[in-house]
Amino acid sequence: HGNRRRGLAGPRPPLAAMFADRSVVGAEVESLWRSAQSARCEAKSCQTGKISTVETAVQSHTSRDAGVQTEQSKDAVQDFQLEVQVDYASLLSFLQRVEDAVIQELNKNWKSRAFDGFEVNWTDQNETVLCLHTLSYPEAQDRDLQVTSLSWNATGSVVACSYGRLDGGDWSTEKSYVCTWNLDRRGLNPQCPDLVVDVPSSVMCVAFHPSQPALIAGGLFSGELVVWDTSRREDPVIWRTGMTDDTHTDPVYQVDWLPDAKHRNHHRLLSVSTDGQILVWREEREGRLALAEGFALVAQQVPCRAQLKKVAWGDVAIGVTSLSFSHFDPHVFVVGVEGGYSLKCSMAAETLALHRSGSSVPLRAPAELTFSPHSGPVYSVSCSPFHRQVLPVNTSAVGWTQNLFLSCGTDGHVHLHSLLQTQPLLSLQLSKKYLFCVRWSPVRPLVFAAASGEGAVHLFDFEKSLQKPVLSIKQGAGKHPVYCAEFSRGQSGLLATGDAAGTVRVWQLSSGFTEQGPRERNRLEQLASELTD
Amino acid sequence: AEVEETLKRIQAHKGVIATMVINAEGIPIRTTLDNSTTVQYAGLLHQLTTKARSTVRDIDPQNDLTFLRIRSKKHEIMIAPDKEYLLIVIQNPCE
C-alpha cells in the first residue's frame, strides 16, 4: 500500500500482469517403468499335455463269504470212531497180516543196544549263561521300590513285573507299578517299559493268563485282586474284587489262574493270603469279581503229627504264603505257611472251616497232610511239572515224578518232598540267608532254580550233583536279595529274575539247561525211588 | 472183536505207549490216545508215510515200502503201511 502512493511518477510495472492468473506449464518426466517392464516381459504359457484317461470298472462277478476263526474246541470229545465207515473184515485181515511183523520189530527194539549212547546235536550247543536284558523302571527305582513278582505271558515274549515293597510291615498305601516289556520288539528300551500301570496300593504278586496273552492278574497289599487288560490303553482295569466282606484282610501273596472245570475256556482266579484264606473268584458283570468258593486254614484243623504251636485263644488262622497245584491231579495242591509247614490240600474237601466267616460262601478246610517243617516261614513251593502225558496201559508203572515238589523258606534250605510221605526226600542248604523263590524248570525234569537273599540265583541239576548247585548266577555288583525267578514257558529257555534294587534281568541259559536229555524222566523217577529207600 | 484182541496184544507189549490204526485218508479208526493227539499223529504220519513210499519207489520202481521206523530222543514210532490202512505203534525202548 505504501508503494502505490509514493511511486506515482516512475514507470509502473504491469500490476495486472503480476497478479493475473496464468497457467504454468508443468514439468514433465517420462515414466520409464512401463517401457522397462514391457522390455523385460515375455508372454509365456505352460500347460501339461493332456492326460489320457480311460474309464474302466473292475468288479468280481461272483463273491463268497468265508469266515475263518480259531476257537477252542468244545468240551465234548467227538467219538470219531462211529463216523467213519469201517469194513471190519478188511481191517481184520490187515491186522493179521501186519501183526507178526510189528511184534517182531517191537521185540527187536526192546532188546536192541544199537542206539546206546547215540546222541544227535541238532542245534549249536550254547555253553554260556548270558544276561540278555537288564530291565528297570527308573521312577520306581527312585522311590526305592522292589520287584515283588514276575510273570511271563502265554506266548513267552512279554515279561511283567510288579513293583512294591516286601519289607513293609504296616498298611502301606503308597502307589506302585506293574510294568511290562515285550522282549521280541526291536525297539526294546530297557529303561522304558512298554506299559506301566499305576496301582494305588502296593502290588505283591502278578500272574499272566495262561492262554490269553493280554490279561494280567495282580494281588495287592490291601487284600484286593485286580485284573488288567494290557491291550486297552485308556483304562486297563477290567475286573477287581473291591473291598467287600469277602476280600482278604491281609496282603495277597500269590495269585493264580485256575481252569474252570465246567467251562473249558473260562478261568477263575485263586488268591492266597497270610490271613489263612485261599479264595477262588469268578467273574461277574460290571467288572466285579465274586467269591465262588474258598478255603480257610485254621490251626486246629490241620492234621498234626508234629507239634504245631497251639494257641489257646480263638481259632488262629495260619498265614499262607505260597501255593502250587499238582500237575497230575487238578484237585491236589500244596501250600506253604508261615509256620514253616507245607500242607497237602485238596479242592474236593468237604469239611467246613472253623473260621469266623463274614464271607458269603462257606469256607472249607482243605488240609490233608502235613509235611515236616522248615525252621522258618515257607516262602515258596513248586510242584514238578513232569508227569506222563501219554496214559500208560499198566498203571502200576505210575511214576514218582508227578508227586515231587520243592519248598524253600527263611532257613535257607530247600526240601524235596514227595506228596506221599511227610519226611523230605532231600534237604539242601543253599544259603545262609533267606531263600525267596524256588521253581522247577519246565523243560528239564532234574533242574530247578532257587533265588536267594544273597543276591544270587542257584541252579541245581540233579543229574550232575545232588549236593551243590551246578551254577550260581550273581545278579550284579550289589548284594540285593533276589525276590523272584520265573522260567519262560516258550521255546526260548529264558529265566527272568527280579531283585530288591528294582531291576529285572533276563538270562539265556546254556543248552545244558534247556534241552532234555534222552532219558531224564526215568532218571528222575530212579532218583526219587533211590532217595525213599 | 478180534480186531480189539489183536490191538490189545500189541498194546500190551513191553514199552508200548500207544497204538493207532488210521485209514487211507488219514482218518483215525482205532486209537488208545486222546482225540487231539491222535488227529495230530494221524495227519503228520500219513503224509510222512506217503512221502517215504514215493521215495522208495522213485529210487527203484520194483521196490515198495514195507515198514517205517522213526527213532527220536524219547521214543520210537513204528508204522506198518498198507493199501487201505496204517498201523502206528509208539514204543518207549528204555532199558
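Residues numbered from 1 in each chain as written. Chains lettered and ligands numbered in written order. Predicted model: local features only at pLDDT ≥ 70, side-chain atom pairs only at ≥ 80, totals over all residues. Heavy atoms only, no water.

### A word on the pattern of salt bridges
Move 1: Tallying each qualifying case throughout the model produces 17 salt bridges over all chains.
Move 2: Residue B:Arg69 is joined to A:Glu105 by a salt bridge in which the shortest nitrogen-to-oxygen separation is 2.4 Å. Residue B:Arg69 is found in strand S3 (residues 68-71), and its partner A:Glu105 is found in helix H5 (residues 88-111); the two belong to separate chains.
Move 3: Of the residues examined, A:Glu105 reaches a relative accessible area of 14% and is grouped as buried.
Move 4: Note that A:Asp499 and A:Arg505 form a salt bridge whose closest N and O atoms lie 3.5 Å from each other. (Salt bridge = Lys/Arg side-chain N within 4 Å of Asp/Glu carboxyl O. Helix = DSSP H or I, 4+ residues; strand = E, 2+ residues; numbered from the N terminus. Buried < 20%, exposed > 50% of the residue type's maximum accessible area, 1.4 Å probe, protein only.)

### Considering the environment of B:Ile17
Move 1: Within the element layout of this structure, B:Ile17 appears in strand S1 (residues 16-23).
Move 2: When the C-alpha positions of B:Ile17 and B:Ile77 are compared, they lie 9.9 Å apart, and in sequence the two are 60 residues distant.

### Here's the deal with the sheet that holds strand S17 (residues 363-364) of chain A
All names here are of chain A.
Move 1: If you trace the 5 strands from one edge of the open sheet to the other, you get S10-S11-S12-S13-S17, paired in mixed fashion. Pairing within the sheet leaves two strands with one partner each, and these edge strands are strand S10 (252-259) and S17.
Move 2: Bridge count between S10 and strand S11 (residues 267-273): 7 bridges; the pairing is antiparallel. Counted as the bridge partner of Pro-259 is His-267 from S11. (Pairing = 2+ DSSP bridges.)

### A few points about the interface of chain B and chain A
Move 1: The partner chain A presents 36 residues to the 41 residues of chain B that form the contact.
Move 2: Between chain B and chain A, the buried area comes to about 3700 Å², and carbon and sulfur atoms account for 63% of it.
Move 3: Summed over the shared surface of chain B and chain A, the number is 3 salt bridges.
Move 4: Where chain B packs against chain A, one counts 11 residue pairs in polar contact (both at pLDDT 80 or more). (Contact = heavy atoms within 4.5 Å. Buried area = accessible area lost by both parts, 1.4 Å probe. Polar contact = N/O pair within 3.5 Å; in protein donor to acceptor, adjacent residues only side chain to side chain.)

### Regarding the pairing of strand S25 (residues 456-461) of chain A
Residues and elements named next belong to chain A.
Move 1: Of all 6 residues that make up S25, 6 are buried, and the element is covered over most of its length.
Move 2: Because side chains alternate across S25, one face comprises the buried residues Ala-456, His-458 and Phe-460, and the other comprises Val-457, Leu-459 and Asp-461, equally buried.
Move 3: As paired elements, strand S24 (residues 447-452) and S25 share 5 bridges and run antiparallel to each other. If you follow Ala-449 over to S25, its bridge partner there is Leu-459.
Move 4: Between S24 and the antiparallel strand that follows it, S25, lie 3 residues; Gly-455 among them carries a positive phi value of about 90°.
Move 5: In this structure, S25 lies alongside strand S26 (residues 471-474), joined through 4 bridges in antiparallel fashion. For Leu-459, the partnering residue across the bridge sits in S26 and is Leu-471.

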